[in-house]
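Breakdown of the fold
Spelled out from the first residue to the last, the chains are:
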Amino acid sequence: MKDNIKNLIEIDEREVLRYLQYKDQDIESDLSDKIKQCIKKTKEIINPRFVFRKYGVKKSKFFNKKNEVYLEGSNLILQSDDVYNLLLECDECILMSATLGLEVEREIRKLTYTDLTKGIIIDACATTAIEEACDIVQDNIAKQLLKEDKYITYRYSPGYGDLSIEKNSDINNLLNSQKEIGLTVTDSGIMIPRKSVVALIGVSHKGIGNTKKSCENCNNRHNCDYKKEGDGCGN
């Protein structure tokens, strides 16, 4: 899958429009054409790469502080009620990181000075592309685990709920992502290249319903600019 994931990414125009904060407005033909051109350009220059690893988990529940999840074979402790609840029925979890590479970042930066509108559109295309890449990886993981009668949760990223964004750095270091896929995370949790994702996914022997993140169970649902009207934001 690592060799052909780029060919699997479609870049959904509806998602691009959502990240551009269009909500059912009429789109002029010139803008529609420009979006299609930007989708084509984005698909040409992205270099999607990913890495993931499975860990056993142990959980501790507390009444006077956040619950904790321990990853076996590591010194990583996740203090988060969200993660604790996500992994409630799980005895394993998968840590993953993915990136689109630096070239799309350079293109966006260049267009900031030469064609701002196009730069904004390609930025939205790249955001859509990294989420689609993560969906592809997640779906493939789910299919492989199903052969072992195991099921997965939706993916959860630091910074979207009560898990500190700084944990991006800890997870990235544990996966050795800088060496594996060229992804660096600063001490404050900012990812370089910017169009990257760090996430965790629960693994259980029980069926766990929906594997996609829903806006209804996201702590940012009340102030999210990208909230979907339908079945989840995909973040």
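Residue numbers run consecutively from 1 along every chain, following the written order of its sequence. In keeping with the model being predicted, local features are shown solely for residues with a pLDDT of at least 70 and side-chain atom pairs are shown and tallied solely at 80 or more, while totals for entire chains, interfaces and linings include all residues. Just so you know, side-chain values use all the structure's heavy atoms and leave hydrogens and water out.

- As recorded in an unreviewed UniProt entry, the protein chain goes by Vitamin B12 dependent methionine synthase, activation domain protein and comes from Terrisporobacter othiniensis.

1. Describing the overall build of the protein chain
- Runs of E in the DSSP output that reach at least two residues are strands. Runs of H or I that reach at least four are helices, and both are numbered from the N terminus. The helix and strand tally for the protein chain stands at eight helices and eight strands.
- Across the 235 residues that make up the protein chain, the buried fraction comes to 47%.
- Whether two residues are in contact is decided by their heavy atoms: any pair within 4.5 Å suffices. Residue pairs in contact within the protein chain that sit at least 24 positions apart in sequence constitute 71% of those at least 6 positions apart.
- Every accessible area reported is derived by Shrake-Rupley at a probe size of 1.4 Å, with residue values counting cover from the shown protein chains alone. Approximately 12,500 Å² of the protein chain is accessible, and the part contributed by carbon and sulfur atoms is 46%. A 1.4 Å probe rolled over the protein chains alone gives each residue an accessible area, and that area as a share of the maximum for its type sets the label: buried under 20%, exposed over 50%, partly exposed in between.

2. As for the packing of aromatic side chains
- Only Phe, Tyr and Trp rings are paired, with Trp represented by its six-membered ring, and only when their centres lie within 6.5 Å; those with planes under 30 degrees apart are stacked, over 60 edge-to-face, the remainder tilted. The final tally for this structure, using the stated rule, is one aromatic pair.
- A centroid spacing of 6.2 Å and a plane angle of 5° characterise the contact between Phe50 and Phe52, whose relative ring orientation is stacked.
- For Phe50, a relative accessible area of 5% corresponds to the buried category.
- Note on Phe52: relative accessible area 35%, which makes it partly exposed.

3. Some remarks on the pattern of salt bridges
- The term salt bridge refers to a side-chain nitrogen of Lys or Arg lying within 4 Å of a carboxyl oxygen of Asp or Glu. The full count for this structure, using the stated rule, is 15 salt bridges.
- The salt bridge involving Lys150 is made with Glu92; its shortest N-O contact spans 3.0 Å. In this pair, Lys150 is assigned in the loop between helix H6 (116-146) and strand S5 (151-156) and Glu92 in strand S4 (residues 92-99), connecting sequence segments 58 residues apart.
- A salt bridge links Lys167 to Asp170; the shortest N-O distance between them is 3.2 Å. Taken together, the residues Lys167 and Asp170, both in helix H7 (residues 167-175) and three residues apart, mark about one turn of the helix.
- A single network of salt bridges, built from pairs that share partners, joins Lys54, Glu92, Glu148 and Lys150.

4. Comments concerning the sheet that holds S4
- Strand order in the open sheet made by the six strands is S3-S2-S1-S4-S8-S5, with antiparallel pairing throughout. Strand pairing shows two members of the sheet lacking a second neighbour, strand S3 (77-79) and S5, which therefore form its edges. Between one strand axis and the next, the sheet turns through 30° on average, direction left out of account.
- Two strands pair under a simple rule: DSSP has to find at least two bridges between them. As defined by bridge partners, strand S2 (residues 68-71) adjoins S3 across three bridges and the pair is classed as antiparallel. Within S3, the residue paired with Glu68 across the bridge is Gln79.
- On the sheet, H6 packs against strand S1 (49-60), S4, S5 and strand S8 (196-204) and is oriented at approximately 160° with respect to S5.
- Lines fitted to the C-alpha atoms define the axes, with helices restricted to the stretch that makes contact. Angles between their N-to-C directions range from 0 to 180 degrees. This element, H7, spans S1, S2, S3, S4 and S8 of the sheet and lies at about 95° to S4.

5. Thoughts on the state of the cysteines
- Disulfides are defined as cysteine sulfur pairs within 2.5 Å. Tallied over the entire structure, the rule returns zero disulfides.
- Distance from the sulfur of Cys125, which forms no disulfide, to the nearest cysteine sulfur (Cys38) is 5.6 Å.
- Look at Cys125 and you get buried, because its relative accessible area is 0%.

6. Observations concerning H7
- Looking at H7, one finds that the buried residues are Lys167, Asn168, Ser169, Ile171, Asn172 and Leu175.
- Asn176 sits one or two positions beyond H7 and adopts a positive phi of about 55°.

7. Let's talk about the side chain of Asn168
- By secondary structure assignment, the location of Asn168 is in helix H7.
- Excluding residues that lie within four positions of it along the chain, Asn168 makes contacts with Pro158, Val185, Gly189, Met191 and Val198.

8. Structural notes on the pairing of S2
- Note that S1 and S2 share four bridges and pair antiparallel. Bridge pairing in S2 places Ser60 opposite Glu68.
- Hairpin remark: S2 followed by S3, antiparallel, with five residues in the connecting loop; positive phi at Gly73, about 80°.

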